[in-house]
Amino acid sequence: MRIASMASCAVTVVSLLVASTVSAEPPRDIGSRLELFADDFLIEKLSDGATQHLHSPTAREVALVTDSPWEGNTSAYYTIFQDGDLYRMYYRGSHYDTTTKKATHREFACYAESRDGIEWKKPELGLFDFKGSKANNIVLDGIGTHCFTPFKDSNPECDPQAQYKAVARGRPVGKKGLYIYKSADAIHWSLMVDGPVITTGAFDSQNLAFWDPHRKLYVAYHRNFVNGVRAIMTCTSEDFVHWTAPVYLEYGDAPNQHLYTNAVMPYLRAPHIKIGFPTRFLPDQGSRVEPIFMISRDGLVFKRWNEAVISEDAPEDRDGNRSNYMARGLLQLPNNDRELSVYATEAYYTGPDSRIRRFSYRLDGFVSVHGEAGGGRLLTRPLIFQGDKLQLNFTTAEKGSLRVEVQRVDGTPIDGLALSDCQLLAGDEIAGAVRWRKATLDGLAGRPVRLLFELKQADLYSLRFHK
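Calculation rules
- Residues numbered from 1 in each chain as written.
- Predicted model: local features only at pLDDT ≥ 70, side-chain atom pairs only at ≥ 80, totals over all residues.
- Heavy atoms only, no water.
- Helix = DSSP H or I, 4+ residues; strand = E, 2+ residues; numbered from the N terminus.
- Rg over C-alpha atoms; globule rule 2.2 N^0.38 Å.
- Areas by Shrake-Rupley, 256 points an atom, 1.4 Å probe, with all protein chains shown as cover.
- Core = buried A, V, L, I, M, F, W, Y, C linked by side-chain atoms within 4.5 Å.
- Buried < 20%, exposed > 50% of the residue type's maximum accessible area, 1.4 Å probe, protein only.
- Contact = heavy atoms within 4.5 Å.
- pLDDT = per-residue confidence, 0-100.
- Pairing = 2+ DSSP bridges.
- Axes fitted to C-alpha atoms, helices over the stretch in contact; angles between N-to-C directions.
- Salt bridge = Lys/Arg side-chain N within 4 Å of Asp/Glu carboxyl O.
- Phe/Tyr/Trp six-rings, centres within 6.5 Å; stacked < 30°, edge-to-face > 60°.

Peer 1: Give me the lowdown on the overall build of the chain, citing residues and values where you can.
Peer 2: Helix and strand content of the chain: 1 helix and 34 strands. Here the C-alpha radius of gyration of the chain, 25 Å, is about what a compact globule of 467 residues would show, namely 23 Å. Taken over the C-alpha atoms alone, the chain extends approximately 100 × 45 × 45 Å along its principal axes. Working note: accessible area of the chain is about 20100 Å², and carbon and sulfur atoms make up 50% of it.

Next comes the structure, spelled out in structure tokens:
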């Protein structure tokens, strides 16, 4: 009886250990969507030295210099988006005389465009006068020029006369808040209503809005203060005119820090995911700023990475007062299916003008799960997928490799889909196909499974199931 009792206890202990590794939460239905490994949405456990690694983009060429008389060294708050085969850029034109400590002219909203995202032109729009001439690229004068932030409305029910919309801060006496604008051609803009539509906030930053195709709502992100610390608020609207009461974003256990701009947007390859490049303001370090990265599934709770994604030496003139802002925009340039481009400012305040520089990320390359030579492991939460094929975005070192096991929810491998059955993946693939020697994913769609990844000198960025 004693031996049987001990055996029973041993079985109980083993069962408890197994149960402790199995999530009790319902499976995550990912369908055939692209999913990033930039947060813990898919990740149940990292073991054997596997870690998540934040990546920084690579510095490229200077995209634009604000050297026109109506621009200057405090030009800022860049918004960039693709519109068909054209890329559009909007920004504030302003200049500050460091000797007199005064602005040399009123602020304007300016416009530039590009066919490749690399070479940008400032067209002479002929809309607004500057010192007796309309030969300039000024796209807005008057209310809203401090932080005019447009977007192309992808709402399928959008009025063609308002297919481009924008938000911007206005400060008429008694009417402070966010004003909204419309345009049929992205050049000629008018107010949609006379007064502000969002009034809770500080607003002296790049406030923005967009149509969220996943939630089927307009979503706005703007700035306020919490106990003297700059913070980001969000609210939603069904018609772009009437908005819900703003609420503050949440960041889990991330430290409470000044966040100036937010640069939130749906990720272009997976619009159900929201990413942002908020600008962290460091007032105790000479008013330095630096962009960081964050990601969300609901647009309210964000996983916020605390390392700067663009350092002040990348490559120059970003260590001064407010000289390292990320623009709001993420582009995939023509004939380049492996990279994404972002843009960041430099030389703010320090020269007769300022600049914006292009940087490039690997496709999906914001964060990876990394395994060293010993073979780190990643176990996913239970998930449900659609399709019968699995593709991965990954890189390995010369002697590195990656393997995948498909498991039942209880952690046992499915016959023919164990690690030992998986053909080694190696190299540099954006959509590398996973294959097993004797089995396929046929019949598993719609059924809860887990994935176990073994990474040896490898980085895993994203996955997608498909037909």
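Now that the structure is up, let's keep going.
Peer 1: Could you give an account of the nonpolar core, naming the residues involved and the relevant values?
Peer 2: Counting 33 residues, the largest nonpolar core has Leu390, Leu392, Val404, Phe453 and Leu463 as its most contacted members. Looking at this core, the elements that each hand over two or more residues are β31 (383-385), β32 (389-407) and β34 (450-466). Tallying contributions element by element places β34 first for this core, with 7 residues. Other than its neighbours up to four places away in sequence, Leu390 contacts Val404, Gly432, Ala433, Val434, Trp436, Leu441, Leu451, Leu463, Arg464 and Phe465. One finds Ala38, Ala270, Ala344 and Phe366 within the second-largest nonpolar core, a separate group that totals 28 residues.

Peer 1: Provide a residue-level description of the confidence of the model for the chain, including the pertinent values.
Peer 2: Taken over all residues, the pLDDT of the chain has a mean of 94, while the share at 70 or more is 95%. Scored below 50 in pLDDT, residues 1-21 shows 3 contacts in the model against residues more than four places distant or in partner chains.

Peer 1: Break down the sheet that holds strand β25 (residues 294-296) for me, with residues and values.
Peer 2: The antiparallel open sheet is built from 4 strands, whose spatial order is β21-β22-β25-β26. Looking at which strands have only one partner, the edges of the open sheet turn out to be β21 (265-267) and β26 (302-304). Pairs of neighbouring strands in the sheet enclose a mean axial angle of 35°, with direction left out of account. When strand β22 (residues 270-276) meets β25, the two strands line up antiparallel, connected through 3 bridges.

Peer 1: Outline unusual backbone geometry, supporting the account with residue identities and numerical values.
Peer 2: Here the bond from Ala314 into Pro315 is cis, since omega is -15°, no more than 30 degrees from zero. Residue placement: Pro315 occurs in the loop between β26 and β27 (339-346). Positive phi is not limited to glycine here, since Asp48 has a value of about 55°. In this fold, Asp48 is placed in the loop between β3 (43-47) and β4 (51-54). Despite not being glycine, Lys101 shows a phi value in the positive range, around 60°. Take Lys101: its relative accessible area is 55%, and that puts it in the exposed class.

Peer 1: Explain the pattern of salt bridges residue by residue, including any values.
Peer 2: Inspection of the entire model under this criterion finds 34 salt bridges. Arg106 is paired through a salt bridge with Asp141; the nearest N and O atoms lie 2.9 Å apart. Taken together, the residues Arg106 in the loop between β9 (102-103) and β10 (108-114) and Asp141 in the loop between β11 (138-140) and β12 (149-152) connect sequence positions 35 residues apart. Judged by relative accessible area, Arg106 falls into the partly exposed class, the value being 47%. Across the pair Asp204 and Arg223 runs a salt bridge, and its minimum N-O distance is 2.1 Å. Residue Asp204 is located in the loop between β15 (190-191) and β16 (208-212), and its partner Arg223 is located in strand β17 (residues 217-226); the two are separated by 19 residues in the primary sequence. The class of Arg223 is buried, set by a relative accessible area of 1%.

Peer 1: Could you give me a rundown of the packing of aromatic side chains, with the residues and numbers involved?
Peer 2: In this structure the tally under the stated criterion is 29 aromatic pairs. Taking 5.4 Å as the distance between ring centres and 80° as the angle between the ring planes, the aromatic pair formed by Tyr267 and Phe366 counts as edge-to-face. Taken together, the positions of Tyr267 in strand β21 and Phe366 in the loop between β28 (355-362) and β29 (367-371) put the pair 99 residues apart, joining distant regions of the chain. Of the two residues, Tyr267 and Phe366, both sit in the buried class. On the numbers, 6.2 Å between centres and 65° between planes, the contact of Phe277 with Phe366 is edge-to-face. Of this pair, Phe277 sits in the loop between β22 and β23 (279-282) while Phe366 is found in the loop between β28 and β29, placing the two residues 89 residues apart along the sequence.

Peer 1: Could you give an account of the environment of Glu312, with specific residues and numbers?
Peer 2: Here Glu312 is to be found in the loop between β26 and β27. Judged by its relative accessible area of 33%, Glu312 is partly exposed. Residues Glu312 and Ser323, spaced 11 residues apart in sequence, show a C-alpha to C-alpha distance of 8.4 Å. Setting aside its immediate chain neighbours within four residues, Glu312 contacts Arg288, Arg318, Asp319 and Asn324.

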